[in-house]
Amino acid sequence: MKKLEKLCKKYEDEFLEFDKVENKLSNRPDLHAFLLLDKLFPSTNDMISAAEHDEIYLEIEPDKLSRKATEEQILELIRSGVMYDEETDSISMFV
């Protein structure tokens with residue numbers, strides 16, 4: 001089991017608990033997640049790589065995220081609505 005998958009399972013009860021994020025980069029959960037990811041992975045590329053039904057897929061590779069982000073940062077992303085899908089090995093959010 002991958003590190004990111006383990007942390008997502010560990011904190012599954014924290015999903016969308018944005019009010020628990022202490023140092024918000026934005027008052028909006030999705031913008032907070034985007035800004036945090038941009039801080040971790042500065043780039044000029046789009047943050048969203050694809051969309052399907054009511055879900056957007058983010059450009060960040062899960063393995064890179066699990067290597068670079070701290071457990072607290074991953075928890076913030078979970079609280080902001082970021083999900084990990086082990087089948088597609090991608091991170092996404094509902095719209």
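Keep in mind the model is a prediction, meaning the values are calculated, not measured. (Residues numbered from 1 in each chain as written. Predicted model: local features only at pLDDT ≥ 70, side-chain atom pairs only at ≥ 80, totals over all residues. Heavy atoms only, no water.)

A closer look at the pairing of strand β2 (residues 55-58)
- Judged by which residues are buried, β2 turns out to be covered on both faces: E55 and Y57 on one side and I56 and L58 on the other are all buried.
- Across 4 bridges, strand β1 (residues 48-52) lies against β2 in antiparallel orientation. Residue pairing in the sheet places A50 in a bridge with Y57 of β2.
- If you look at the hairpin formed by β1 and β2, you'll find 2 residues sitting between the two strands, and H53 has a positive phi there, around 55 degrees. (Buried < 20%, exposed > 50% of the residue type's maximum accessible area, 1.4 Å probe, protein only. Helix = DSSP H or I, 4+ residues; strand = E, 2+ residues; numbered from the N terminus. Pairing = 2+ DSSP bridges.)

As for helix α2 (residues 29-40)
- Taking 1.5 Å of rise per residue, 12 residues should cover 16 Å, and α2 covers 17 Å from first to last C-alpha, within 8% of that figure.
- Taken together, the buried positions of α2 are H32, A33, F34, L36, L37 and L40.
- Its buried side turned inward, α2 meets β1, β2, α3 (62-68), α4 (71-79) and β4 (90-94). (Expected span 1.5 Å × (residues − 1). Contact = heavy atoms within 4.5 Å.)

A look at a nonpolar patch on the surface
- A surface patch of nonpolar side chains, amounting to about 240 Å² of accessible area, comprises L25, L31 and L35.
- Examined against the element boundaries, L35 turns out to sit in helix α2.
- The exposure class assigned to L35 is partly exposed, which follows from its relative accessible area of 41%. (Patch = residues over 30% accessible without salt bridge, like charges linked within 9 Å, V, L, I, M, F, W, Y side chains within 5 Å. Areas by Shrake-Rupley, 256 points an atom, 1.4 Å probe, with all protein chains shown as cover. Salt bridge = Lys/Arg side-chain N within 4 Å of Asp/Glu carboxyl O.)

Observations regarding α4
- The buried fraction of α4 amounts to 7 of the 9 residues, a majority that puts the element mostly inside the structure.
- Among the residues making up α4, those that are buried are Q73, I74, L75, E76, L77, I78 and R79.
- A positive backbone phi angle near 105 degrees is found at G81, which sits one or two residues after α4.

Remember that the coordinates give geometry; whether it matters functionally is a separate question.
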